[in-house]
Protein chains: 2
Amino acid sequence: MMLMTIGDLMDPETMSIREMCDAFDVTPRTLRFYESKELLFPIREGQKRLFTRRDRARLTLILRGKRFGFSLEEIRQLLELYYVGDQQETQLTRTLEVAQDRLSDLEQRRAELDDAIAEMKSQMGMIRDMLSGLSDGKDTA
Amino acid sequence: MMLMTIGDLMDPETMSIREMCDAFDVTPRTLRFYESKELLFPIREGQKRLFTRRDRARLTLILRGKRFGFSLEEIRQLLELYYVGDQQETQLTRTLEVAQDRLSDLEQRRAELDDAIAEMKSQMGMIRDMLSGLSDGKDTA
DNA sequence: CGATAGGTTGACGTTAACGTAAATAGAACG
DNA sequence: CGTTCTATTTACGTTAACGTCAACCTATCG
């Protein structure tokens with residue numbers, strides 16, 4: 001029962017597809033699908049995929065983006081704003097402009113979310129009022 | 001060119017499907033689809049749909065829910081928390097419990113959103129640093 | 001009355017984001 | 001060497017949320 005050798009380059013930096021699935025609670029299909037959509041770029045050891053620290057950081061952002069309801073294509077564009085290589089000044093300036101737009105979107109969503117939370121609380125207040133009215137009726141009957 | 005008569009019951013409370021589409025920027029298909037999924041309940045004048053104030057309030061919530069990435073089924077369940085009829089105490093208590101869970105979800109999302117905003121700002125700071133570094137190099141050359 | 005405008009009900013088509021199954025490959029165990 | 005594990009590619013299937021016809025009704029204008 002050999003578990004590994006030196007030659008296995010058991011890099012703690014990289015993870016197998018199964019390790020990724022366990023760590024992020026996704027299926028292999030999902031990871032391969034994300035690679036095909038150029039959201040992840042695992043390296044290859046022979047035929048097998050090895051996911052790097054960078055892939056894990058990206059996957060974290062991807063899953064959060066999904067919870068926010070962004071499409072994978074929108075997420076892919078968002079990811080481009082991170083991982084800025086050594087670009088030209090013009091390109092960096094452009095990236096910064098796009099990032100500012102995305103930031104405005106996020107802040108807009110935050111405002112909407114605050115509204116939704118306030119409304120939900122108000123609604124709960126009304127239900128509580130109805131309940132206290134009911135128990136009053138019972139108590140004072 | 002007659003526009004309307006008294007008998008038309010030109011209720012300012014109700015809107016035709018086209019008025020709804022213009023007001024909310026959706027297609028007729030979308031409104032009919034939402035009705036089929038029991039998210040909206042327009043009344044009928046003969047064959048034609050008439051959307052009430054209640055339908056408009058619901059549609060507002062539906063569209064916001066969509067921007068948050070909720071599925072229509074999730075939204076339908078959320079809508080049940082609003083429009084509470086005259087229910088039994090037990091049922092009201094249950095509704096309140098469910099509402100509390102939804103509220104926790106929303107607040108959880110807001111926390112995540114705050115993280116995302118902070119990260120985006122940090123990333124923009126890094127890009128700005130790179131840019132100032134570039135212009136420094138030019139100025140001091 | 002005929003044409004036009006606005007609405008209706010099917011019913012099939014489309015896209016995104018995977019699920020699922022079949023066939024294949026290589027490493028390791030016994 | 002045969003099996004077992006893990007992973008891979010290929011490819012068809014599925015669900016949600018509509019889009020897009022086609023065929024039909026019906027009120028009103030001219």
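As the structure is a computational prediction, the values presented were derived from the model and not from experiment. (Residues numbered from 1 in each chain as written. Chains lettered and ligands numbered in written order. Predicted model: local features only at pLDDT ≥ 70, side-chain atom pairs only at ≥ 80, totals over all residues. Heavy atoms only, no water.)

1. Re the packing of helix 3 (residues 53–67) of chain B against helix 4 (residues 72–81) of chain B
Residue and element names in this part refer to chain B. At a closest axis distance of 10 Å, the pairing of helix 3 and helix 4 adopts a crossing angle of 135 degrees. The angle between helix 3 and helix 4 places the two elements in the oblique class. In this structure, helix 3 meets helix 4 at a crossing whose hand is right-handed. Contact residues: helix 3 offers Arg-58, Leu-61, Ile-62, Gly-65 and Lys-66, while helix 4 offers Leu-72, Ile-75 and Leu-79. (Axes fitted to C-alpha atoms, helices over the stretch in contact; angles between N-to-C directions. Helix = DSSP H or I, 4+ residues; strand = E, 2+ residues; numbered from the N terminus. Parallel < 35°, antiparallel > 145°, perpendicular 65-115°, else oblique. Left-handed = near helix turned anticlockwise from the far one by under 90°. Contact = heavy atoms within 4.5 Å.)

2. Quick notes on the interface of chain A and chain B
The figure often quoted for interface size is the accessible area lost as the parts come together. The interface of chain A with chain B comprises 41 residues on the first partner and 41 residues on the second. For the pair chain A and chain B, the summed buried area comes to about 4,200 Å², and 69% of that belongs to carbon and sulfur atoms. Considering only the side of chain A, the residues that lose the most area to chain B are Leu96(A), Leu113(A) and Met120(A), jointly responsible for 15% of the buried surface there. At the surface where chain A touches chain B, the tally comes to 8 salt bridges. A salt bridge links Glu107(B) to Lys121(A); its shortest N-O distance comes to 3.8 Å. (Buried area = accessible area lost by both parts, 1.4 Å probe. Salt bridge = Lys/Arg side-chain N within 4 Å of Asp/Glu carboxyl O.)

3. Things to note about the packing of aromatic side chains
To describe a pair of aromatic rings, one takes the distance between the centres and the angle between the planes. All names here are of chain A. Per the counting criterion, the structure on display carries 3 aromatic pairs over all chains. Between Phe-33 and Tyr-34, the aromatic rings sit 6.4 Å apart at their centres with planes inclined by 50 degrees, giving tilted as the arrangement. Given a relative accessible area of 5%, Tyr-34 falls into the buried group. Taking the ring centre of Tyr-83 as reference, the NZ or CZ of Arg-54 above it sits at 5.4 Å. (Phe/Tyr/Trp six-rings, centres within 6.5 Å; stacked < 30°, edge-to-face > 60°. Buried < 20%, exposed > 50% of the residue type's maximum accessible area, 1.4 Å probe, protein only. Lys NZ or Arg CZ within 6 Å of the ring centre and 35° of its normal.)

4. Things to note about the nonpolar core
Leu31(A), Leu59(A), Ile62(A), Leu31(B), Leu59(B) and Met120(B) are the most contacted members of the largest nonpolar core, which has 70 residues in total. Apart from the residues lying within four places of it in its own chain, the contact partners of Leu31(B) are Ile17(B), Met20(B), Cys21(B), Val26(B), Leu40(B), Phe51(B) and Leu59(B). (Core = buried A, V, L, I, M, F, W, Y, C linked by side-chain atoms within 4.5 Å.)

5. Observations concerning the pattern of salt bridges
What the rule picks out here adds up to 25 salt bridges over all chains. Notably, a salt bridge pairs Arg18(A) with Asp22(A), separated by 3.6 Å at the nearest N-O pair. With Arg18(A) and Asp22(A) both in helix 1 (residues 17–24) and 4 residues apart, the pair spans about one turn of that helix. The exposed category is assigned to Asp22(A), whose relative accessible area is 57%. Across the salt bridge formed by Arg64(B) and Glu119(A), the nearest N and O atoms sit 3.1 Å from each other. Taken as a pair, Arg64(B) in helix 3 and Glu119(A) in helix 5 (residues 89–139) lie in two separate chains rather than in one. When its relative accessible area of 11% is taken as the criterion, Arg64(B) is described as buried. Several salt bridges share partner residues, and in doing so they unite Arg110(A), Asp114(A), Arg110(B) and Asp114(B) into one network.

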